Structure formats: C-alpha cells, structure tokens
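Chain residues, written in single-letter form:
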Amino acid sequence: MLLLFSRILLVVVGLFLLPLATHALWWALRDDVAPSWRAADWSSAKLLPAAAEAPQAIVAVYAARVGRWRGIFAHHTWVVVKEAGARQYTRYDKVGWGSPVRTNGWVPDGRWFGNAPHPVVVIEGAEAERLIPQVRQAVASYPYQTFGAYNAWPGPNSNTFVAHVMRSVPELAAPLPPTALGKDWQPWRDIVSLTPSRTGIQISLGGYAGLALGWVEGLEVDFMGLVAGLDLRRPALKIPAWGRIGMDPITW
C-alpha cells in the first residue's frame, strides 16, 4: 500500500506539480504582467475586422490568460457572435462580480488583463448564421447565471459557462485550452457524460479530478483543475499551467 501511494505521489508531482512550479517561476520573471486591474490594457487585439467591414456572420470563442498570479495556471474564455449584416458584435462572458453573465462588457477581441487573446474557434458565413441562434439559446439557458452562482475554483466559473455553450452547440467542434480552469466542472449528478463535442466520454468528480477521452478533446487527465493530456487529431501535448504545446488546435 505504501509503495502504491508513493508511486501515485510521484506521478502527481511529475505530471502536475513540477510543470506548475516551472511555469510559476517563468511567470514571476516576466516584467510585462499588469500589476492591477486599472493598469491593465483592455484594448482590442485586432483579431476581428470592424463589424461594418465584415458582412458575413461570425461565431468565435477566445481565450486569454487571467491577471496577476492566477495567470500562472488559468485562462479566461468568452464567446462572440455577429449576424450577417450586423453593425456590431455581441460578446458574452461570465464573471464573478456584478451580473455574472455579462453582455458586451468588453470589446469583442479585447485583451484580458493585458494578455492578448487567441482564437479557440472561428466560424464564418452560412454555418455561423445557422449556429448563432443555438449559441444565443445556450447563453440564455445557462443554469448558473444568477448573482452568487460563481465559484472561481473548481467551478462553475467563466470557463464552465463557455463549456456549457460548446456542449450545447457541439458543431463548434473545438476543445477549450487545457488551462481553461473550470471547463471540466460538472455537477455531481453528471459524473459521467459526453464530452462537449459529443465525440467521447468525460468523467468529472466535481471539478476536483476527472478524465476525458474524445476525438476533438483528445486525452485529458484533470487533477485539482490542472490538466495533462495529448491531442492526436491535431498533435500536441497538454501540459499543466503551460497549456498546449504543438499544432494549433484551431481550424478555419
């Protein structure tokens, strides 16, 4: 029994805690981390064209590192939509203050706490137009959007919200970053379920531990919100705190 425990502890340290520690050291050595909310840059990262210059419908999901020390291990994700011919984008975030599900609280492709976002999925044209009503319905049906219905760890949080949208609209067919802390949170009644893309199986122990295996999500092992795994569809390693290292997961 002691030998088994020692081996499990060695796996946890090597697979989860060591990457976390090395990324924490790298993060601490950075000199471009915004020291406060007010000092951070929230401007557009210029990933989207001006709405007036883009007649096509667009659905996008973006992710950016969160602020200060939490950026060591976590991303924030959000959803953006624009109907064909619309003169503005609509952005949806879930946050832990004020009204939890926020509409147009920030520019659609804005930096988050000074950290530039990257696209998780971008769909344009007729397919986007078809999916937008489903996305809006998923936002409206999110069950944890009342005041106080937010728990930074293990969830439900901002990434749980986006995972709900992607689970409700599996045609988005993209995995959230492994550093999207809270994406794997599920209520205890849903310990076993399909992955958000519905291409595999997910086991979630209240967000504290879990396992996912799917064609879109790849193999992911979750321990206390830290995710390690492997993507075979678009080859990459998923390393706790560091995130995805390998082929870009997004398809255009």
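The following refers to the structure shown. (Residues numbered from 1 in each chain as written. Predicted model: local features only at pLDDT ≥ 70, side-chain atom pairs only at ≥ 80, totals over all residues. Heavy atoms only, no water.)

Applying the stated rule across the entire model yields 18 aromatic pairs. Between the aromatic rings of Trp 26 and Trp 242, the centroid separation amounts to 5.9 Å while the plane-to-plane angle is 40°, which identifies the pairing as tilted. Note that Trp 26 is positioned in helix α1 (residues 2-29) and Trp 242 in the loop between β11 (236-239) and β12 (243-246), a separation of 216 residues in sequence. Classification of Trp 26 as partly exposed rests on a relative accessible area of 41%. Pairing Tyr 62 with Trp 78 gives two aromatic rings, centres 6.2 Å apart and planes at 35°, and the pair type is tilted. With Tyr 62 in strand β1 (residues 58-65) and Trp 78 in strand β2 (residues 75-82), this pair connects stretches of sequence that are 16 residues apart. Accessibility assignment for this pair places Tyr 62 and Trp 78 in one class, buried. Taken together, the ring pairs connect Trp 37, Trp 42, Tyr 62, Trp 78, Trp 97, Trp 106, Trp 112 and Phe 113 into an aromatic cluster. The positively charged end of Arg 30 is found above the aromatic ring belonging to Trp 27, 4.4 Å away from the centroid. (Phe/Tyr/Trp six-rings, centres within 6.5 Å; stacked < 30°, edge-to-face > 60°. Helix = DSSP H or I, 4+ residues; strand = E, 2+ residues; numbered from the N terminus. Buried < 20%, exposed > 50% of the residue type's maximum accessible area, 1.4 Å probe, protein only. Lys NZ or Arg CZ within 6 Å of the ring centre and 35° of its normal.)

Turning our attention to the sheet that holds strand β6 (residues 192-194). What the seven strands build is an open sheet, ordered β6-β7-β8-β9-β10-β11-β12; its pairing is antiparallel. Edge positions in the sheet fall to β6 and β12, since each of these pairs with one other strand and no more. Going across the sheet, the axis of each strand differs from the next one's by a mean of 15°, ignoring polarity. With five bridges connecting them, strand β9 (residues 218-223) and strand β10 (residues 226-231) associate as antiparallel partners. Paired with Val 221 across the two strands is Ala 228, which belongs to β10. With respect to the sheet, α1 is in contact with β9, β10 and β11, its orientation differing from that of β10 by roughly 105°. (Pairing = 2+ DSSP bridges. Axes fitted to C-alpha atoms, helices over the stretch in contact; angles between N-to-C directions. Contact = heavy atoms within 4.5 Å.)

It is worth spelling out the pairing of strand β3 (residues 90-94) at this point. Burial analysis of β3 places five of its five residues in the buried class, the great majority of the element. Burial along β3 is two-sided: Thr 90, Tyr 92 and Lys 94 facing one way and Arg 91 and Asp 93 facing the other are all buried. Bridge analysis of β2 against β3 gives three bridges, and the strand direction is antiparallel. For Val 81, the partnering residue across the bridge sits in β3 and is Thr 90. Two strands pair when backbone bridges link them, and β3 and strand β4 (residues 101-103) are joined in this way by three bridges, in the antiparallel orientation. Bridge assignment links Lys 94 to a residue of β4, and that residue is Val 101. Taking the residues between adjacent antiparallel strands as the criterion, β3 and β4 are bridged by six residues, where Gly 98 takes a positive phi near 65°.

Attention now goes to helix α2 (residues 126-141). An α-helix turns once per 3.6 residues; consequently, residues spaced three or four apart project the same way. The terminal C-alpha atoms of α2 lie 24 Å apart, and with 16 residues this matches the ideal 22 Å at 1.5 Å per residue to within 8%. Along its length, α2 shows its largest kink, about 30°, at Ile 132, and proline Pro 133 lies within four residues downstream of that point. For α2, every residue scored as buried is listed here: Ala 128, Leu 131, Ile 132, Val 135, Ala 138 and Val 139. The elements touched by buried residues of α2 are β1, β2, β3, β4, β5 (118-124) and α3 (158-168). (Expected span 1.5 Å × (residues − 1). Bend = angle between axes of the 7 residues up to and from the residue.)

Its place among the elements puts Ser 197 in the loop between β6 and β7 (200-204). Here Glu 217 takes part through its side chain, which lies 2.8 Å from a polar atom of the side chain of Ser 197. With residues near it in sequence (within four places) discarded, Ser 197 still touches Pro 170, Val 216 and Glu 217. (Polar contact = N/O pair within 3.5 Å; in protein donor to acceptor, adjacent residues only side chain to side chain.)

Phe 161 and Leu 176 are the most contacted members of the largest nonpolar core, which has 28 residues in total. Those elements that provide at least two residues to this core are β1, β2, β5, α2 and α3. It is α2 that provides the largest number of residues to this core, a total of six residues. When residues no more than four places from it in sequence are discounted, the contact partners of Leu 176 are Val 61, Thr 77, Val 120, Asn 159, Val 162, Ala 163, Met 166 and Lys 183. (Core = buried A, V, L, I, M, F, W, Y, C linked by side-chain atoms within 4.5 Å.)

Across the sheet, five strands lie side by side as β4-β3-β2-β1-β5; this open sheet has antiparallel pairing. Either end of the sheet is taken by a strand with one partner, and the two such strands are β4 and β5. Strand after strand, the sheet turns through a mean of 15° between neighbouring axes, direction not considered. Sheet strands in contact with α3 are β1, β2, β3, β4 and β5, and its direction is about 40° off that of β2.

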